[in-house]
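The residues making up each chain are set out below.
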Amino acid sequence: MVTEHTGQLDASWQVVIGDELNKPYMQALSNFLKQEKMAGKTIYPPSSLIFNAFNQTPFKKVRVVIIGQDPYHGDDKGQAQAQGLSFSVPQGIALPPSLRNIFKEIEADLGIKMSGEGNLTPWVKQGVFLLNATLTVEMAKAGSHQKRGWEEFTDAAIAALNKHREGLVFVLWGSYAQKKGEIIDSNKHLVLTSPHPSPLSAHRGFFGNHQFSKINDYLSGRGETPIHWQI
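The model shown is predicted, which means the values in this text are computed figures rather than measured ones.

Here is what the cut-offs are and how they apply
- Residues numbered from 1 in each chain as written.
- Predicted model: local features only at pLDDT ≥ 70, side-chain atom pairs only at ≥ 80, totals over all residues.
- Heavy atoms only, no water.
- Phe/Tyr/Trp six-rings, centres within 6.5 Å; stacked < 30°, edge-to-face > 60°.
- Lys NZ or Arg CZ within 6 Å of the ring centre and 35° of its normal.
- Axes fitted to C-alpha atoms, helices over the stretch in contact; angles between N-to-C directions.
- Helix = DSSP H or I, 4+ residues; strand = E, 2+ residues; numbered from the N terminus.
- Parallel < 35°, antiparallel > 145°, perpendicular 65-115°, else oblique.
- Contact = heavy atoms within 4.5 Å.
- Buried < 20%, exposed > 50% of the residue type's maximum accessible area, 1.4 Å probe, protein only.
- Polar contact = N/O pair within 3.5 Å; in protein donor to acceptor, adjacent residues only side chain to side chain.
- Salt bridge = Lys/Arg side-chain N within 4 Å of Asp/Glu carboxyl O.
- Pairing = 2+ DSSP bridges.
- Core = buried A, V, L, I, M, F, W, Y, C linked by side-chain atoms within 4.5 Å.

Peer 1: What's the story with the packing of aromatic side chains in this structure? I'm lost.
Peer 2: For any pair of aromatic rings, the description rests on two quantities: the centre-to-centre distance and the angle between the ring planes. Taken as a whole and judged by the stated rule, the model has 17 aromatic pairs. An aromatic cluster is present here, built from F87, F103, W123, W173, F206, F207, F212 and W229 joined pairwise through their rings. If you follow R148 out to its NZ or CZ, it ends over the ring of F32, 4.0 Å from the centre.

Peer 1: For this particular structure, what's the right way to read the packing of helix 5 (residues 97-110) against helix 9 (residues 211-221)?
Peer 2: For any two helices packed against each other, one specifies the inter-axial angle together with the distance between the axes. The N-to-C vectors of helix 5 and helix 9 enclose an angle of 60 degrees; their axes lie 8 Å apart at closest approach. By the angle between their directions, the pair helix 5 and helix 9 is classed as oblique. Across the interface between the two elements, I102, E105, I106, D109 and L110 of helix 5 pack against Q211, F212 and S213 of helix 9.

Peer 1: Even after reading the chapter, I still don't get the environment of E224, so can you show me in this structure?
Peer 2: Note that E224 resides in the segment after helix 9. Judged by relative accessible area, which is 23%, E224 ranks as partly exposed. E224 sits 18 residues away from F206 along the chain, and the two C-alpha atoms are 26 Å apart. Beyond its immediate sequence surroundings of up to four residues, E224 is in contact with R63, G167 and L219. There is a polar contact of 3.3 Å between the side chain of E224 and the side chain of R222.

Peer 1: Before we go on, may I ask you to explain the pattern of salt bridges in this structure?
Peer 2: It is possible for side chains of opposite charge to pair when their charged atoms get near one another. Going through the model one piece at a time under the given rule, you end up with seven salt bridges. The salt bridge involving E36 is made with K41; its shortest N-O contact spans 3.3 Å. Ionic contacts of the salt-bridge type, sharing partners, join the residues R63, R222 and E224 into one network.

Peer 1: Sorry if this is basic, but what is going on with the sheet that holds strand 5 (residues 128-132) here?
Peer 2: Strand pairing in a sheet takes place through backbone hydrogen bonds and is either antiparallel or parallel in direction. Pairing is parallel in the open sheet, where four strands are placed in the order 5-2-7-8. The sheet terminates laterally at strand 5 and strand 8 (190-194), the two strands that pair on one side only. Neighbour to neighbour, the strand axes of the sheet diverge by 20 degrees on average, direction disregarded. In this sheet, strand 5 lies alongside strand 2 (residues 64-68) in parallel orientation, the contact comprising five bridges. For I67, the partnering residue across the bridge sits in strand 5 and is L131.

Peer 1: Help me out: how do you make sense of the environment of K125 in this one?
Peer 2: Within the fold, K125 resides in the loop between helix 6 (121-124) and strand 5. When its relative accessible area of 63% is taken as the criterion, K125 is described as exposed. Distance from K125 to S30, taken between C-alpha atoms, is 29 Å for residues 95 residues apart in sequence.

Peer 1: Which parts of the structure should I look at to understand the nonpolar core?
Peer 2: Side chains that are nonpolar tend, in soluble globular proteins, to be buried together. By size, the foremost hydrophobic cluster in this structure holds 66 residues, and its most contacted members are W13, F54, I102, W123 and F153. With seven residues, helix 7 (residues 150-164) is the largest single contributor of residues to this core. Those residues in contact with F54 that sit more than four places away from it in its chain are L9, D10, W13, I17, F129, L131, L135, F153 and A157.

Rendered as structure tokens:
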């Protein structure tokens with residue numbers, strides 16, 4: 001079973017998507033990951049953190065979903081950048097370019113100063129679900145684990161949130177994430193789209209999208225506590 005190689009999935013998520021773990025595509029994915037490791041390849045994030053986004057944000061606690069593509073495939077001074085949370089890096093790791101641009105937009109939108117630390121766990125603890133579409137990657141090979149089954153698994157997670165929850169905010173940056181939007185009911189949830197924060201596209205509409213204030217306005221309008229974005 002895939003959990004033998006990727007750690008256990010939080011119980012609240014087991015209830016809604018646990019059946020996915022036993023499906024043939026996940027069995028194939030599990031075998032693929034096992035073979036890659038046996039071949040001596042380095043896989044990011046570490047096995048214990050593959051389901052980190054799920055385990056840090058129980059199903060009923062999710063309020064905002066920010067969808068990334070796949071984990072960071074590099075390291076910084078020997079430490080993996082990937083920690084199982086989209087766009088986030090561990091404490092002390094240099095900010096990747098996309099995250100640097102996210103922080104610039106937050107500062108411009110909300111008029112606050114970010115610390116320069118890229119560990120987004122404080123967001124997660126407030127119900128921000130930082131989900132990558134693909135949950136593993138081979139070191140130094142971006143996109144290397146795409147189309148191996150993870151996309152189907154994360155589609156199931158998004159579909160469960162869409163179906164069983166109301167009033168969530170889905171944040172879709174770039175065309176890859178926006179394809180996930182096809183399974184989200186915009187009558188039940190707020191769906192925000194813009195270009196990706198990557199340096200290649202941020203100047204085409206990510207900067208100035210004011211989505212962090214829009215998220216908080218929406219939550220406040222529902223009587224919920226806004227997200228404290230400052231880190």
